[in-house]
Amino acid sequence: MIKAILIFNNHGKPRLSKFYQPYSEDTQQQIIRETFHLVSKRDENVCNFLEGGLLIGGSDNKLIYRHYATLYFVFCVDSSESELGILDLIQVFVETLDKCFENVCELDLIFHVDKVHNILAKMVMGGMVLETNMNEIVTQIDAQNKLEKSEAGLAGAPARAVSAVKNMNLPEIPRNINIGDISIKVPNLPSFK
């Protein structure tokens, strides 16, 4: 099971942190610092797996990471996860971010944190891997973006409400509305059509 997903830059500034186990805010910050120190001091030519820090569970857990340009992508997992499978998941996550942001950079993670969390939620939920097919994830994200654009935010809501009422085909306009003990008399209104 995935316990946490952390992204931080070369200076240890967290750019994304997602914990799938309950930790206090202070403990989360300590885990991020400890994980950065464990990962950043490693040489570039060594393997990308190491024992988890004391705060994240010690030798029962593993840190699996990749270093891309200025960012470290770190997955804290328990011993049941495959190291190579998680490395592949990191690669899919980075490629998906790259496709969605057209050359992802650290600023994209800062200014579009909601979109990054949404992409991550399509891949991992509750510490379990949901989807590893990048094309499927991108298709879902594109469909969501298209839906958001078609709704045009809250500005178009009143027009859509009027349109929905017009399309209801009511035989006549109700004159009295009764809700429990409350009775509302509707004034004479012009036809909706």
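Residues numbered from 1 in each chain as written. Predicted model: local features only at pLDDT ≥ 70, side-chain atom pairs only at ≥ 80, totals over all residues. Heavy atoms only, no water.

The name given to the protein in an unreviewed UniProt entry is AP-3 complex subunit sigma-1 isoform X1, and the organism recorded there is Leptonychotes weddellii. The UniProt entry for the protein carries the following comment under Sequence similarities (unreviewed entry): "Belongs to the adaptor complexes small subunit family." (UniProt positions renumbered as here; feature names shortened; annotations may be inferred.)

This part covers the pattern of salt bridges. Under the defined criterion, the tally for this structure stands at two salt bridges. A salt bridge links E83 to K62; the shortest N-O distance between them is 3.2 Å. Of the two residues, E83 sits in helix α2 (residues 83-101) while K62 sits in strand β4 (residues 61-68), which places them 21 residues apart along the sequence. Classification of E83 as partly exposed rests on a relative accessible area of 27%. A residue is classified by how much of its surface remains accessible, and K62, at 15% relative accessible area, is buried. (Salt bridge = Lys/Arg side-chain N within 4 Å of Asp/Glu carboxyl O. Helix = DSSP H or I, 4+ residues; strand = E, 2+ residues; numbered from the N terminus. Buried < 20%, exposed > 50% of the residue type's maximum accessible area, 1.4 Å probe, protein only.)

The subject of this paragraph is the packing of α2 against helix α4 (residues 113-123). The geometry of α2 relative to α4 is characterised by a closest axis approach of 11 Å and an angle of 135° between their N-to-C directions. With respect to each other, α2 and α4 are oriented oblique. Seen from above, α2 lies across α4 with right-handed handedness. Seen from α2, the contacting residues are L89, V92, F93, T96, L97, C100 and F101; seen from α4, they are K115, V116, I119, L120 and M123. Its residues placed into classes, the contact of α2 with α4 shows 10 nonpolar, one polar and one charged. (Axes fitted to C-alpha atoms, helices over the stretch in contact; angles between N-to-C directions. Parallel < 35°, antiparallel > 145°, perpendicular 65-115°, else oblique. Left-handed = near helix turned anticlockwise from the far one by under 90°. Contact = heavy atoms within 4.5 Å. Nonpolar A, V, L, I, M, F, W, Y, C, P; charged D, E, K, R; others polar.)

Next up on the list: the environment of I64. Summarising the element assignment, I64 is placed in strand β4. When the C-alpha positions of I64 and L50 are compared, they lie 6.7 Å apart, and in sequence the two are 14 residues distant. Not counting residues up to four positions away in its chain, the partners in contact with I64 are N48, F49, F73, V74, F75, V77, S82, E83, I86, L87 and I90.

Quick look at the packing of α2 against helix α5 (residues 134-151) now. Axis separation between α2 and α5 bottoms out at 10 Å; the angle between their running directions is 40°. Classified by the interaxial angle, the pair formed by α2 and α5 is oblique. At the point where α2 passes α5, the crossing takes the right-handed sense. Note on element contacts: α5 touches α2 through M134, N135, I137, V138 and I141, opposite V92, E95, T96, K99 and C100.

What follows deals with α5. In this model α5 runs 26 Å from its N-terminal to its C-terminal C-alpha over 18 residues, within 8% of the 26 Å that 1.5 Å per residue would give. Three or more residues of α5 are buried, namely M134, I137, V138 and I141. Each buried residue of α5 lies within a common arc of 95° when the element is viewed along its axis, so the set occupies one face. With respect to the buried face of α5, the exposed residues turned more than 90 degrees away are K146 and S150. Of the surrounding secondary structure, the elements contacted by the buried residues of α5 are α2 and α4. (Expected span 1.5 Å × (residues − 1). Arc of directions from axis to C-beta.)

Of note in the backbone geometry, E102 takes a positive phi value of approximately 50° without being a glycine. For E102, the location among the structural elements is in the loop between α2 and α3 (106-111). Under the relative-accessibility criterion, E102 is labelled exposed at 68%. Positive phi, close to 75°, is recorded for N103, a residue that is not glycine. Its location among the elements puts N103 in the loop between α2 and α3. A relative accessible area of 62% means that N103 is categorised as exposed.

Attention now moves to the packing of aromatic side chains. Across all of its chains, the model carries six aromatic pairs by this definition. A ring pair is formed by F19 and Y23, whose centres lie 5.7 Å apart and whose planes are at 70°; its orientation type is edge-to-face. An aromatic cluster of three or more residues is present, and its members are F8, F36 and Y72. (Phe/Tyr/Trp six-rings, centres within 6.5 Å; stacked < 30°, edge-to-face > 60°.)

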